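Descriptive structure summary
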Amino acid sequence: MQHTFSSPDGPIEVTLGKDDGAFALAGHRAILIGDGRLRVTLGDGRIMFGHVAKVGDVWWVALGGHTYRWERMEAGASAGGNEGGLIAPMPGKVLQVLVKVGHTVEAGQALMVLEAMKMEHRIVAPSDGIVTMIHFADGDQVEQGASLLEIEAESE
Amino acid sequence: MQHTFSSPDGPIEVTLGKDDGAFALAGHRAILIGDGRLRVTLGDGRIMFGHVAKVGDVWWVALGGHTYRWERMEAGASAGGNEGGLIAPMPGKVLQVLVKVGHTVEAGQALMVLEAMKMEHRIVAPSDGIVTMIHFADGDQVEQGASLLEIEAESE
Amino acid sequence: MIAKVLVANRGEIACRILRACQEAEIETVAVCAPNDLESMFVEMADEVVVLRGDSIGETYLDHTQIIQAALDTGAHAIHPGFGFLSERADVARAVVDAGLVWVGPRAEAIEQMGDKMTARQTMRKAGVPVIPGEEVESIDEDQAMLELEEASTRVGYPLLLKASSGGGGKGMRAVTNPSEFHEAARAARREAVAAFGDGRIYIERLLSGSKHVEIQVLADSHGTTIHLGERECSVQRRHQKVFEEAPCATLTPELRDAMGDAAVAAAEAVAYEGAGTVEFLLAPSGEFFFLEMNTRIQVEHPVTELVTGVDIVREQLRIASGAPMSCGPLNLRGHAIEVRLYAEDAANNFLPAIGPLAVFQPPQGPGIRLDTGVREGDDVTPNYDPMLAKLIVWAPSRVEALQRMRRALDEFVILGTTTNIRFLRELCDVQAVIEGTTTTTTIDDTWPNGWQPSENQSIEEASLLMAAMGETLGLHRVHRTGGEVSGSTGPPSPFATLQRRYP
Amino acid sequence: MIAKVLVANRGEIACRILRACQEAEIETVAVCAPNDLESMFVEMADEVVVLRGDSIGETYLDHTQIIQAALDTGAHAIHPGFGFLSERADVARAVVDAGLVWVGPRAEAIEQMGDKMTARQTMRKAGVPVIPGEEVESIDEDQAMLELEEASTRVGYPLLLKASSGGGGKGMRAVTNPSEFHEAARAARREAVAAFGDGRIYIERLLSGSKHVEIQVLADSHGTTIHLGERECSVQRRHQKVFEEAPCATLTPELRDAMGDAAVAAAEAVAYEGAGTVEFLLAPSGEFFFLEMNTRIQVEHPVTELVTGVDIVREQLRIASGAPMSCGPLNLRGHAIEVRLYAEDAANNFLPAIGPLAVFQPPQGPGIRLDTGVREGDDVTPNYDPMLAKLIVWAPSRVEALQRMRRALDEFVILGTTTNIRFLRELCDVQAVIEGTTTTTTIDDTWPNGWQPSENQSIEEASLLMAAMGETLGLHRVHRTGGEVSGSTGPPSPFATLQRRYP
């Protein structure tokens, strides 16, 4: 009962325990009570009820007014080859590419403007680095999940 | 695609047809559009949306503000041996048996009083006839589906 | 200040109270019987205490266990909802004796209203009209007959003769004309003596064609007692309300004032505190008579909330905490209707039904409120009351409210358990309901031989098409089940770890 | 009389209008693009016409096709909802020319309000305050500077200098103090000439710290024009409203009257008929200025419906059919708040999101209204606006409404698509929202570097426990799909029969 989920900070390995009929993790306990509904007893004793649903490889979890999205990874797999790659979050059109290959960019800097759902969206750099590849030009259509451009972190 | 459903008046045999991608019956057409949701075009051209769900052997159908309950029968089976038998509709306690074996009863006449869910319920004769068997006495507990008493139709 | 409330109830009213507490930023404790552990109301509470016992008597009616649960969890108050312990003066007293707050009136007020004869006397003294009636106790036949005739002229016609110690209709006689009185009275006495060995007769005015109209009152500990207008609940089946509305379609503002004043007088007569309902019979003559006072929140309170804009449960919490009520002057607006959705077979003598709620899709959109304690996937069991939900609509006018109710009922889909939805939908088309001229006998008058759904051959045929398609296409919609806790991939590790591997 | 209405819209507003028609016992026709055939609004109509075409332009914006659909189905009127065709004067005219009723104002009124300069002039003439501003066209530098200084004293401080032909912030200068004016004006002119080759400057009063307050008006063909009080919609992100309420927390009755009168005057100035909204900027000084008039039903109309008790869509239908409106005098009661639920990643620059609504469980209970066009199992696609639903609450007071909104958002569960629910929930805890002192810059002021959800380590850990349990127990909650029409048990018989065998 070991599972690996991806997170923005890297993979998270989870090994479930069992405690008096309930599953347990990090002091919290939970049991299944219905279709995707679970009763959770937090480490501090609070009882909460939450929901889970799986869509593709992603477990969606609602608990205490928060929603989490945990993508399941094959156990032991690396975080994947997307480090530095910037993925189109939805289908759309490239309105403007704001950087060129070789540019040094700062975390948060806008790299590209996409148009989708009749709105403009900025693709921003997730970290400082140098632009190494740009896969699309102004006016191109992009599919959801397409790699838009790549950034290499500067030597640390 | 032949199915048999039971109804209070006897079995109903249904043979589905196909018409331009839709299923058809008696001039009405329907297609599946979602999880248990169907789009129905009635013979008079009206379009309606309905729901189906199966619980045990029973198909529940909601359409146009009406709800139907169609119990599936094995094709070719008879209407079952319950003719004349009166079945406990829910678990409860027999408060009072109002008839005796050999009594002549009229359709609608109260035969037994059950208590369930803190309310009294009268079991009434479905047709004219003679009481041939009584399976429970005052104070007995009955399970849902138990045969309570039996009535034989008078010679027609 | 009340910072934590234990809700001593279940189902939709528990959900209603728990939501009100949550909004008021009050912590909550639910209590539940073991067979209710997966019910919706349990999920809404911050804490749950599972009561020991199997029957209702051993769980929801065991006030000792419930008071202990409140003390154990540090709750400051107990809200009893309706039913169960809500009108038990002894429980109200035990709660207060335990140092807790009872969200309801004082035990004395419950007692004074709980005993019907005491209540009748208290109301008379307070100047609230009660159904005219007199008891004749004389044993001597001639003397009794004389007194009965005298009493009959004071009570007025039509009247009802009842055996004082009777029940079940024995010894009961309706008399519409004074010329019939003598013979009817003799017969009633004979039957009463034969059946009960007791010839005492009670004469009461017969109020046929009456409406059931009730007034919501609120009283706080700062000396303010107000009424929130009326509800009409005439449409009943076996004294069970199924269709309730506010305001009453035929009430004049003058009559509303008079009934409201009477209800406030009734509450003040017993030094009432909290929310309560004074029930009246409203005769076709325009006379109204006190029936009883319900010393608790009532099932049909939402219609009053929608037309007055007062959150009655929230006011109960305010009043119980010693604060003044927050309502301004009565401001009635629009029209509200509530119907009670039951798991029952309306076409078969309203027999309660059970089963899974395989599909439970309430209507949405403007002017609709649903108070329920169930959700899709739940099982309806025979353990508790078969009420599934209250569907309440509000609209600017009565006509529009009824139109909205029709729309809402048409949108509501429940599959897997037989319900009275179709009955309620067809009730909306009954002439007396459309005209607002309903009385307590409307259902029996409309369907003297029991209700049957209207037939619609096309739709029935299409439903067979749909069932057959379901079977052909294998649309086995999963009836969701709880599933087992046991894992399927080998025994779990005893060591639970959460390890983050950062690159 | 209008007996049949075609709704030329989709999604939640189509559902809203279709329900209103159904309640009014009006037959309905929906039009939909081929990719909308399985959307909820299609199921609510009596008839559906599938529009030919792929893009929005070829379908929902193709008024020729839509008018033809109305004629083909025998509809008497077209309701445009909001967006799409709703503010197209040419379409309103084409509808009327085709012999149909346009549920909205006359084409002339749409035109007069649609052109912003014309609207500004019309409002000035009607005595409605507009944002003070003047254009200076002189080319000669000295002459222009002289005129600019004179204009600045008339407009008042603080003020904004804008390049008349500009955009994107170029040539724009905020000036708070007259001593800074000269230098700022020269710089603005230089930039304007450099950027656009056009030195014309527009001076406008800078209304920082303003609220967006709008007045709902209703006008019928019998000469009655009324207002239904205000809505405050200051909380905006990129000029997109996300949190709307009625009444405005800081508006005095005097100011409400003044703004209401101004809105009625605005409507009367263009002989308005139907429902419309006059938008104002309300400055901290208490001065208010006309922004624009929306000549249609508005997204946030439900908050006005809840506090006034007026069913605005139903009134639109009444007015369009030539009947007088049914509203009585303005009766504001309680407080209503609406939030807009979007499929978007609020933590990632509010990027629109897509995906299946694997779980879609709205909150229930008192005081909650949900206007939505989606249901569990639907897919959110990039084809249309990402608004999933409007969640609206009403409560007796603003404090209670905000408490209720928190409760409702906490109850709302949506899984499978990223939404802004958490953002909305945390918005309810922002000090300016709690105090009612929101302005059009509240979101940017609160989260200058973008919003991130508050962290809660325990709950995050427990969510990992839950995901891991889901994986371990194989809780593969079925994402429901439409399924194929093809049968699985051999080719169907060409002969469809329905045979009843009675014993």
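Conventions adopted
Here the residue numbering is sequential within each chain, running from 1 through the sequence in written order. For this description, chains carry letters from A and ligands carry numbers from 1, given in the order in which they are written. Note on the predicted model: pLDDT of at least 70 is required for a residue's local features to be given, and 80 or more for side-chain atom pairs to be given and counted; whole-chain, interface and lining totals, by contrast, use all residues. Computation of side-chain values: all heavy atoms of the structure, hydrogens and water removed. Helix numbering and strand numbering both begin at the N terminus, where a helix is a DSSP run of H or I of at least 4 residues and a strand a DSSP run of E of at least 2. Residue exposure (1.4 Å probe, protein chains only): buried if accessible area is under 20% of the type maximum, exposed if over 50%, otherwise partly exposed. Contacts were defined at the residue level, with two residues in contact if any of their heavy atoms lie within 4.5 Å. Where accessible areas are quoted, they stem from the Shrake-Rupley method and a 1.4 Å probe; at the residue level, only the protein chains shown are allowed to cover. Residue ranges assigned to the domains are those given by an automatic or database domain assignment. Accessible area that two parts lose when put together, with a 1.4 Å probe and added across both, is what the buried area reports. Criterion for a salt bridge: a side-chain nitrogen of Lys or Arg within 4 Å of a carboxyl oxygen of Asp or Glu. Here a polar contact means two N or O atoms within 3.5 Å. Within protein one must be a hydrogen donor candidate and the other an acceptor candidate, and residues neighboring in sequence count only if both atoms are side-chain atoms. Any residue outside Ala, Val, Leu, Ile, Met, Phe, Trp, Tyr, Cys, Pro, Asp, Glu, Lys and Arg is labelled polar, Gly included; the first ten of those are nonpolar and the last four are charged. Strands qualify as paired when DSSP identifies two bridges or more between them. A fitted line through C-alpha atoms serves as each axis, taken over the contacting stretch for helices, and the angle formed by two N-to-C directions is quoted from 0 to 180°. The aromatic pairing rule takes the rings of Phe, Tyr and Trp, using the six-membered ring of Trp, and pairs them if the centres are within 6.5 Å, calling planes under 30 degrees apart stacked, those over 60 edge-to-face and the rest tilted. Placement of a charge over a ring requires the Lys NZ or Arg CZ to be within 6 Å of the ring centre, with the centre-to-atom vector within 35 degrees of the ring normal.

Details of the overall build of chain A
- Along its length, chain A carries zero helices and 17 strands.
- Across the 156 residues in chain A, those meeting the buried criterion constitute 47%.
- Long-range pairs, those at least 24 residues apart, make up 39% of the contacts in chain A with a sequence separation of at least 6.
- Accessible surface for chain A amounts to roughly 7200 Å². Of this, 45% is attributable to carbon and sulfur atoms.

Describing the domain arrangement of chain C
- The assigned domain composition of chain C is domain 1 (4-103), domain 2 (132-205), domain 3 (211-446) and domain 4 (455-501).
- The distance between the C-alpha centroids of domain 1 of chain C and domain 2 of chain C comes to 46 Å.

Concerning the interface of chain B and chain C
- At the junction of the two partners, chain B supplies 51 residues and chain C supplies 46 residues.
- Around 4500 Å² of area is buried between chain B and chain C when both sides are counted, 73% of it from carbon and sulfur atoms.
- In this assembly, chain B and chain C are joined by two salt bridges.
- The residue Glu471 of chain C makes a salt bridge to Lys54 of chain B at a minimum N-O spacing of 3.2 Å.
- In this structure, the connection of chain B to chain C is made through eight residue pairs in polar contact (both at pLDDT 80 or more).
- Counting residues per element, the side of chain B that touches chain C draws most heavily on strand β7 (residues 47-55) of chain B, which supplies seven residues.
- Here the residues of the side of chain B that touches chain C are counted per class, giving 32 nonpolar, 11 polar and eight charged.

A few points about the sheet that holds strand β8 (residues 173-175) of chain C
All names here are of chain C.
- Taken together, the four strands give an open sheet; going across it, the order is β6-β9-β7-β8, and neighbouring strands pair in antiparallel fashion. At either margin of the open sheet sits one strand with a lone partner, and together these are β6 (133-136) and β8. Recorded for the sheet is a direction-independent mean angle of 20 degrees between the axes of neighbouring strands.
- Looking at chain direction, strand β7 (residues 159-163) and strand β9 (residues 201-205) are connected through five bridges and run antiparallel. Looking across to β9, one finds that Leu159 is bridged to Arg205.
- Contacting β6, β7 and β9, helix α7 (residues 141-155) runs over the sheet at an angle of about 175 degrees to β6.

Looking at the sheet that holds strand β14 (residues 288-294) of chain D
All names here are of chain D.
- Strand order across the open sheet formed by eight strands is β14-β13-β10-β11-β12-β15-β22-β20, with antiparallel pairing between neighbours. Two strands close off the open sheet at either side, each with one partner strand: β14 and β20 (368-372). Direction aside, neighbouring strands of the sheet carry axes that sit 25 degrees apart on average.
- Against the sheet, helix α1 (residues 11-23) contacts β20 and β22 (387-395), and its axis sits at roughly 115 degrees relative to β20.
- Lying over the sheet, helix α11 (residues 312-320) contacts β10 (211-219), β11 (225-237) and β13 (274-282), oriented at roughly 40 degrees with respect to β10.

Looking at the pairing of strand β1 (residues 4-7) of chain D
Residues and elements named next belong to chain D.
- Along β1, one buried face is formed by Lys4 and Leu6 and the opposite face, lined by Val5 and Val7, is buried too.
- Two elements, β1 and strand β2 (residues 27-32), share four bridges in a ladder whose sense is parallel. Paired with Leu6 across the strands is Val29, a residue of β2.
- Of the pairings in the sheet, the one linking β1 to strand β4 (residues 77-79) comprises three bridges and is parallel in character. Counted as the bridge partner of Leu6 is Ile78 from β4.

Comments concerning the packing of aromatic side chains
- Going through the model one piece at a time under the given rule, you end up with 16 aromatic pairs over all chains.
- A centroid spacing of 5.1 Å and a plane angle of 85 degrees characterise the contact between Phe350 of chain D and Phe423 of chain D, whose relative ring orientation is edge-to-face. Placement of Phe350 of chain D in the loop between β16 (344-345) and β17 (351-352) and of Phe423 of chain D in helix α13 (residues 421-427) is noted, with a sequence separation of 73 residues between them. For the pair Phe350 of chain D and Phe423 of chain D, one class covers both residues: buried.
- Through a chain of ring-to-ring contacts, three or more aromatic side chains come together here, namely Phe350, Phe423, Trp447 and Trp451 of chain C.
- The ring of Phe350 of chain D carries Arg237 of chain D above its face, with NZ or CZ at 3.9 Å from the centroid.

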